[in-house]
Amino acid sequence: MKRTPVRLADGRELIYFDRDETADRSAPDTRDLPERSAGGELRYDALLDEWVTVADHRQGRTLLPATEDCPLCPSRPGRATEIPAADYEVAVFENRFPAFAGQRGRAEVVCFTADHGASFAELPPEQAATVVAAWADRTAELSALPHVAQVFCFENFGEEIGVTLHHPHGQIFGYPFVPPRTRKMLDAARRYAERAGRDLFADVLAAERESGERVVAANELWTAFVPVAARWPFEVHLFPHRKVPDIAALTETERAAFVAVYLDVQGRFRSLFDRPLPYVAAWHQAPVRVDRELGHLHLQLFSSRRAADKLKYLAGSESGMDAFLNDVRPERAARMLREAG
């Protein structure tokens, strides 16, 4: 894998990832950009013991531009974008409108392909593998930063989810704190280990594999299943069979096996209804410095669509009390996804 780091006009880092070792990514950024943002402001919520990021500068970020104005497409004569090269395979750069930056973390954009009209589900396996390699690289690099507590790779897909750019891309947050969901999962894993003397994640995975009722897809190294207490109408968790803390710890064989299962599940999300499911794909990785031994890498893929013409809204119970009500029985969701293959 060829890795080519460059600098954008305002000093932000951009890294190209290419399978082609001869790829030339030396084109400079010719734009006249304003001074880069310092990122958001962290505020502590004492009532919930949680951190909230206030980033009002993000109000001005680009919102659903026309295809010819897409900032993630390759640059062309007369139209310079965030990607100076005339073509690219996978590119990662520091977000121009970062939620986190400097001593308050890091925010990056991951462009999955130069093809504006594509989606992750439509990537060839070798292209998807390059994305995984980029995730692994950035996880390792950001984990080494002294102010990053956890690395979160994710993708928002579909206007219903709230995407601001249609170009196929994801993001990476280097959180300066351990987020609430991770803390809850690790606390549960710690209590389970103290009570049962066993690993919670491994036992959940083993139970799902043995039952098979909610398994959607699997191979010898990964299993994708609808969790027994799924919060979202269509939610799938992808677990490696070997316990590892993060993407960087996966072997090349495990990465290739993940791509096979993930593209399978992505295809089911596209064919379930008459339109692709909007979704969030969220990588749950172990924190960098605390409770790392408790974590078990897995990907959570979930959609807010509960039927062909209905969306799941986070209303009173979910938004006010963080207590989810699911309209689709997990076993039925798993069956529907299996049949959509």
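See the structure printed just above.
Parameters at a glance
Residue positions are counted from 1 within each chain, in the order its sequence is given. Only residues with pLDDT of at least 70 get local features here, since the model is predicted, and only at 80 or more are side-chain atom pairs given and counted; chain-wide, interface and lining totals rely on the full set of residues. As a rule here, side-chain values come from all non-hydrogen atoms in the structure, and water together with hydrogens is ignored. By the criteria applied, helices consist of DSSP H or I runs no shorter than four residues and strands consist of E runs no shorter than two, each listed in order from the N terminus. We call two residues in contact whenever any of their non-hydrogen atoms come within 4.5 Å of each other. A pair of aromatic rings is counted whenever rings of Phe, Tyr or Trp (Trp by its six-membered ring) have centres within 6.5 Å, and the orientation is called stacked for planes under 30 degrees apart, edge-to-face for over 60 and tilted otherwise. Each residue's exposure class comes from its accessible area (1.4 Å probe, protein chains only) as a fraction of the maximum for that residue type: buried when under 20%, exposed when over 50%, partly exposed otherwise. When the NZ atom of lysine or the CZ atom of arginine is within 6 Å of a ring's centre and also within 35 degrees of its normal, the charge is said to sit over that ring. Paired strands, in this sense, are two strands between which DSSP finds at least two bridges. Axis angles are defined between N-to-C directions and span 0 to 180 degrees, where every axis is a line fitted to C-alpha atoms and, for a helix, only to the segment in contact. Here the angle decides the label: under 35 degrees means roughly parallel, over 145 means roughly antiparallel, 65 to 115 means roughly perpendicular, and every other value means oblique. Each residue is assigned to one class: nonpolar for Ala, Val, Leu, Ile, Met, Phe, Trp, Tyr, Cys and Pro, charged for Asp, Glu, Lys and Arg, and polar for all the others, Gly among them. One less than the residue count of a helix, multiplied by 1.5 Å, gives the span that helix is expected to have. Take the far helix as your reference; a near helix turned counterclockwise from it by less than a right angle gives a left-handed crossing, and one turned clockwise gives a right-handed crossing. Salt bridge, as used here: a side-chain nitrogen of Lys or Arg that lies within 4 Å of a carboxyl oxygen of Asp or Glu. Put simply, a nonpolar core is a bunch of buried Ala, Val, Leu, Ile, Met, Phe, Trp, Tyr and Cys residues held in one set by side-chain atoms that sit within 4.5 Å of each other.

What follows concerns the side chain of Thr182. With respect to the secondary-structure elements, Thr182 resides in helix H2 (residues 180–196). Setting aside residues no more than four positions away along its own chain, Thr182 makes contact with Gln150 and Pro287.

Once that is clear, we can look at the packing of aromatic side chains. Enumeration according to the criterion identifies 24 aromatic pairs in this entry. Ring centres of Phe100 and Phe173 lie 5.2 Å apart, and the angle between their planes is 75 degrees; on these two criteria the pair is classed as edge-to-face. Here Phe173 lies in strand E8 (residues 169–175) and Phe100 lies in the loop between strand E5 (90–94) and strand E6 (106–111), a separation of 73 residues in the sequence. The two residues Phe100 and Phe173 agree in class, both being buried. Note on Phe157 and Tyr279: the rings are 4.9 Å apart at their centroids and 15 degrees apart in plane angle, and the pair reads as stacked. Placement of the pair is Phe157 in strand E7 (residues 150–157) and Tyr279 in strand E12 (residues 279–284), with a sequence separation of 122 residues. Every member of this aromatic cluster is reached through a ring pair, and the members are Phe112, Phe120, Trp135, Trp222, Phe258, Tyr262 and Trp283. We note Arg25 situated over the ring of Tyr16; from NZ or CZ to the ring centre the distance is 5.9 Å.

What follows covers the sheet that holds strand E10 (residues 222–225). The 11 strands lie next to each other as E1-E2-E5-E6-E8-E7-E12-E13-E11-E10-E9, forming an open sheet whose pairing is antiparallel. The strands lining the two open edges of the sheet, one partner per strand, are strand E1 (2–7) and strand E9 (215–218). Across this sheet, the average inter-strand angle for adjacent strands is 20 degrees, counted without regard to direction. Bridge count for E10 against strand E11 (residues 234–240) is four bridges, and the pairing is antiparallel. Following the sheet pairing, Phe225 is matched in E11 by His237. The sheet contacts of helix H3 (residues 200–211) involve E9, E10, E11 and strand E13 (298–303), and relative to E10 the element is tilted by about 75 degrees.

Let us now look at the packing of H2 against H3. Any two packed helices are characterised by the angle at which their axes cross and by the distance between the axes. Between H2 and H3, whose axes approach to 8 Å, the crossing angle comes to 90 degrees. Comparing their axes, H3 and H2 come out roughly perpendicular. Residues Met185, Ala188, Ala189 and Tyr192 of H2 pack against Leu200, Phe201 and Asp203 of H3. Taken together, the residues that form the contact of H2 with H3 break down as six nonpolar, no polar and one charged.

On to the pairing of strand E3 (residues 41–45). Where E3 meets strand E4 (residues 50–54), five bridges bridge the pair, whose relative direction is antiparallel. Pairing of Asp45 across the sheet is with Glu50, part of E4. Taking the residues between adjacent antiparallel strands as the criterion, E3 and E4 are bridged by four residues, where Asp49 takes a positive phi near 55 degrees.

Before going further, it helps to spend a moment on helix H1 (residues 125–143). Taking 1.5 Å per residue as the helical rise, H1 with its 19 residues ought to reach 27 Å, and the 27 Å between its terminal C-alpha atoms agrees with that figure. Burial analysis of H1 places 14 of its 19 residues in the buried class, the great majority of the element.

Our focus in this paragraph is the packing of H1 against helix H4 (residues 252–271). Contact geometry for H1 and H4: axes closest at 9 Å, N-to-C directions at 120 degrees. With respect to H4, the element H1 is oriented oblique. Crossing handedness for the pair H1 and H4: right-handed. Contacts between H1 and H4 involve Pro125, Ala128, Ala129, Val132, Ala133, Trp135 and Ala136 from the former and Arg255, Phe258, Val259 and Leu263 from the latter.

Applying the stated criterion to the full structure yields 35 salt bridges. Of the charged contacts, one joins Arg329 and Glu331 as a salt bridge, the two residues approaching to 3.3 Å between their closest N and O atoms. In this structure, a network of salt bridges that share partners links the residues Arg3, Arg7, Glu13, Arg36, Glu94, Arg106, Glu108, Asp137 and Arg138.

With that settled, consider unusual backbone geometry. The residue Asp49 is not glycine, and still its phi comes out positive at about 55 degrees. Residue position: Asp49 is located in the loop between E3 and E4. Despite not being glycine, Leu64 has its phi angle at roughly 40 degrees, a positive value. Summarising the element assignment, Leu64 is placed in the loop between E4 and E5.

Right, let's talk about the side chain of His169 for a bit. Among the secondary structure elements, His169 is positioned in strand E8. Apart from residues lying up to four places away in sequence, His169 is in contact with Leu72, Val109, Val110, Cys111, Phe112 and Glu155.

Counting 54 residues, the largest nonpolar core has Phe120, Trp135 and Phe258 as its most contacted members. Excluding anything up to four places from it in sequence, Trp135 contacts Val110, Phe112, Phe120, Cys153, Ile172, Ile247, Phe258 and Trp283. Residues Leu8, Ala91, Ala114 and Leu165 belong to the second largest nonpolar core, which totals 16 residues.

Glancing now at the environment of Glu252. Residue placement: Glu252 occurs in helix H4. We classify Glu252 as exposed; its relative accessible area is 59%. Separated by 120 residues in the primary sequence, Glu252 and Val132 place their C-alpha atoms 9.9 Å from one another.

By themselves, these figures tell us nothing about what the structure is for.
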